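What the coordinates show
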Amino acid sequence: MAAITRLVKRASPSLSVSSTAARRLFCSESSSHAPPQDHFHAPQRKDPKDRNVQWVFLGCPGVGKGTYASRLCNLIGVPHIATGDLVRHELASKGPLSSQLSEIVNQGKLVSDEIIISLLSKRLADGEAKGESGFILDGFPRTISQAEILERVIDIDLVVNLKLQEEALLAKCLGRRICNQCGGNFNVASIDIKGENGSPGMFMAPLLPPAHCMSKLITRSDDTEAVVKERLRIYNEMSKPVEEFYRSRGKLLEFNLPGGIPESWPKLLQALNLDDYEEKRSAAA
Ligand SMILES: Nc1ncnc2c1ncn2[C@@H]1O[C@H](COP(=O)(O)OP(=O)(O)O)[C@@H](O)[C@H]1O
């Protein structure tokens, strides 16, 4: 526990400071035959005191990375950058990549490093132009090669590995709903796992939308049972090793979700040393 506290303190020294914009990554116009890392310009590395946090959220599909990462981003004032959202945005824009992407995503496969890095670089460059500082990355890196490329160009302070009992993951993915008007994320699954043989039970209440979103709910095209199973398989094969990559660098914070948002959110804040963050921030203002 003490080691985790030290890790979190080291990773979030400037949480209460609205720091100046740190230099981020840019998308270069390099040839499509160049190795993926050549799509990044090396950023100027800044002392963590002079910028906001640069965190990564890892975890299986359905674990709730997006939910917790976006709540934390609202709390600490950094952008939530989810590569899945960047891919879906590209798909919806019907741009040159969209037909290629839709086939890959709807089979539950990973998009190539080259495409994902070019989407991420563009997002970071746009953010820098707007004066953003820091981020929480969600869904990237997802392979060892992505982690290595990222490490070459930017400092990651902390990696939060969210974990949930495996039997809940499929149900959580199948229960996901998005409001096609406001873009809000909801979940209609009610999960009630009985504890047995010493393993704890777990209850997760559905996260229902407000009445005005109810008739506008849509399901992601890749949230079908067959595709989710394939995504879970690919996570175990390609993304699980990324946990060890960061564990060996002393950057991994393991967090077992004890239940739904009401049970998990306060505990996550505690684990991140942010439980009294709002009070500290108003005291410092
Ligand atoms: N870092 C990445 N590398 C490769 N493909 C990605 C990456 N991030 C997102 N994708 C693509 O976008 C899809 C949706 O991603 P995401 O919303 O993060 O899904 P999940 O619910 O599986 O975490 C993935 O299945 C994959 O096809």
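Further up the page is the structure itself.
Residues numbered from 1 in each chain as written. Predicted model: local features only at pLDDT ≥ 70, side-chain atom pairs only at ≥ 80, totals over all residues. Heavy atoms only, no water.

1. Comments concerning the packing of helix H7 (residues 166–174) against helix H8 (residues 225–247)
Which entries qualify depends on this criterion: Every angle, taken between N-to-C directions, lies between 0 and 180 degrees, and every axis is a line fitted to C-alpha atoms, over only the stretch in contact when it is a helix. Elements are defined by DSSP. Helices are runs of H or I of four residues or more, strands are runs of E of two residues or more, and each kind is numbered from the N terminus. Angle categories: roughly parallel below 35 degrees, roughly antiparallel above 145, roughly perpendicular from 65 to 115, and oblique for all the rest. The crossing is said to be left-handed when, going from far helix to near helix, the turn is anticlockwise and less than a right angle, and right-handed when the turn is clockwise. Throughout, a residue-residue contact means that at least one pair of heavy atoms, one from each residue, lies within 4.5 Å. Classification convention: Asp, Glu, Lys, Arg as charged; Ala, Val, Leu, Ile, Met, Phe, Trp, Tyr, Cys, Pro as nonpolar; all other residues, Gly among them, as polar.
Here H7 crosses H8 at 135 degrees, and the two axes come no closer than 10 Å. Judged by the angle between their axes, H7 and H8 are oblique. As H7 runs across H8, the sense of the crossing is right-handed. Taken together, the residues of H8 that come into contact with H7 (itself represented by Leu 169, Leu 170, Cys 173 and Leu 174) are Glu 225, Val 228, Lys 229, Arg 231 and Leu 232. The residue makeup of the contact of H7 with H8, split by class, is 6 nonpolar, no polar and 3 charged.

2. Digging into the environment of Gly 183
Tracing the chain through its elements places Gly 183 in the loop between strand S5 (176–179) and strand S6 (185–187). Separated by 20 residues in the primary sequence, Gly 183 and Phe 203 have C-alpha atoms spaced 26 Å apart.

3. Some details on H7
For clarity, the threshold we go by: For every residue, the accessible area (1.4 Å probe, protein chains only) is compared with the maximum for its type, and the residue is labelled buried under 20%, exposed over 50%, or partly exposed between those bounds. Directions from the helix axis toward the C-beta atoms define the arc.
Those residues of H7 that fall on the buried side of the exposure criterion are Ala 168, Leu 169, Lys 172 and Cys 173. The buried residues of H7 occupy one face: seen down the axis, they fall within an arc of 130 degrees. In this fold, the buried residues of H7 make contact with S5, S6, strand S7 (191–193), strand S8 (202–204) and H8.

4. A short note on the site of the ligand
Definition in use: By convention in these notes, a residue is near a molecule or strand provided one of its non-hydrogen atoms lies within 4 Å of it. For this analysis, a polar contact is any N or O atom pair within 3.5 Å, provided that within protein one partner can donate a hydrogen and the other can accept it, and provided that sequence-adjacent residues contribute only side-chain to side-chain pairs. Here the Shrake-Rupley method, with its probe set to 1.4 Å, supplies the accessible areas, and only the displayed protein chains count as covering residues.
Lining the immediate environment of the ligand, one finds 18 residues, of which Thr 83, Lys 109, Gly 139, Arg 176 and Arg 231 sit closest. One of the backbone N or O atoms of Lys 109 is found 2.6 Å from an oxygen atom in the ligand. Notes on the ligand: free accessible area 550 Å², of which the protein chains cover 96%. Residues that form the shell around the ligand fall into these classes: 6 nonpolar, 4 polar and 8 charged.

5. Brief notes about the layout of surface pockets
The rolling of a water-molecule-sized probe over the atoms marks out the regions of remaining empty space. The condition is simple: Computed over the protein atoms alone on a 1 Å grid, cavities are sets of points where a 1.4 Å probe fits but cannot get out and pockets are open sets with protein on both sides within 12 Å along at least five of seven lines; a residue lines them when it has an atom within 4 Å of a point. Grid points are joined across faces, edges and corners, and a volume is the space filled by probe spheres set on the points.
There is about 550 Å³ of room inside the second largest pocket. What lines the second largest pocket is a set of 18 residues, and nearest its centre among them are Asp 85, Leu 86, Arg 88, His 89 and Glu 90. If you list the elements that add at least two residues to the lining of the second largest pocket, you get strand S2 (80–82), helix H3 (83–92) and helix H5 (113–129). The dominant element in the lining of the second largest pocket, judged by the number of residues it contributes, is H3, at 7 residues. Residues of the lining of the second largest pocket, tallied by class, amount to 8 nonpolar, 3 polar and 7 charged.

6. Concerning the packing of aromatic side chains
The criterion, for reference: Within 6.5 Å between ring centres, the rings of Phe, Tyr and Trp (the latter by its six-membered ring) count as paired, and their orientation is classed by plane angle as stacked under 30 degrees, edge-to-face over 60, tilted in between.
Tallied over the full model, the rule gives 1 aromatic pair. Note on Phe 245 and Tyr 246: the rings are 5.0 Å apart at their centroids and 85 degrees apart in plane angle, and the pair reads as edge-to-face. The same class applies to Phe 245 and to Tyr 246, which are both buried.

7. Looking at the sheet that holds strand S4 (residues 158–163)
As a general point, the strands of a sheet are linked pairwise by backbone hydrogen bonds and lie either parallel or antiparallel. Short version of the rule: Whether two strands pair depends on DSSP finding at least two bridges between them.
Across the sheet, 5 strands lie side by side as S2-S3-S1-S4-S10; this open sheet has parallel pairing. Each end of this open sheet is capped by a strand with a single partner; those strands are S2 and strand S10 (252–256). Strand-to-strand twist in this sheet, taken as the mean axis angle between neighbours without regard to direction, amounts to 20 degrees. Note: strand S1 (residues 54–58) against S4, 4 bridges, orientation parallel. Note on S4: the bridge partner recorded for Trp 55 is Leu 158. Each of S4 and S10 is contacted by helix H9 (residues 261–271), which is oriented at about 155 degrees to S10, the strand it contacts most.

8. Comments concerning the side chain of Asp 223
Positionally, Asp 223 belongs in the loop between strand S9 (217–218) and H8. At a separation of 3.0 Å, a polar atom in the side chain of Asp 223 contacts the side chain of Arg 176. The residues touching Asp 223, leaving out its near neighbours within four places in the chain, are Cys 173, Leu 174, Arg 176, Val 228 and Arg 231.

9. A short note on the pairing of strand S3 (residues 135–138)
What you see with S3 is no split at all: Phe 135 and Leu 137 on one side and Ile 136 and Asp 138 on the other are buried throughout. Relative to S3, S2 runs parallel, the two sharing 3 bridges. If you follow Ile 81 over to S3, its bridge partner there is Leu 137.

10. Points about the packing of helix H6 (residues 144–153) against H8
Two numbers describe how H6 lies on H8: the axes approach to 8 Å, and their chain directions differ by 40 degrees. In terms of their interaxial angle, H6 and H8 are classed as oblique. Across from Ile 144, Ala 147, Glu 148, Leu 150 and Glu 151 in H6, the residues of H8 making contact are Met 238, Pro 241, Val 242, Phe 245 and Tyr 246. Residues that form the contact of H6 with H8 fall into these classes: 8 nonpolar, no polar and 2 charged.

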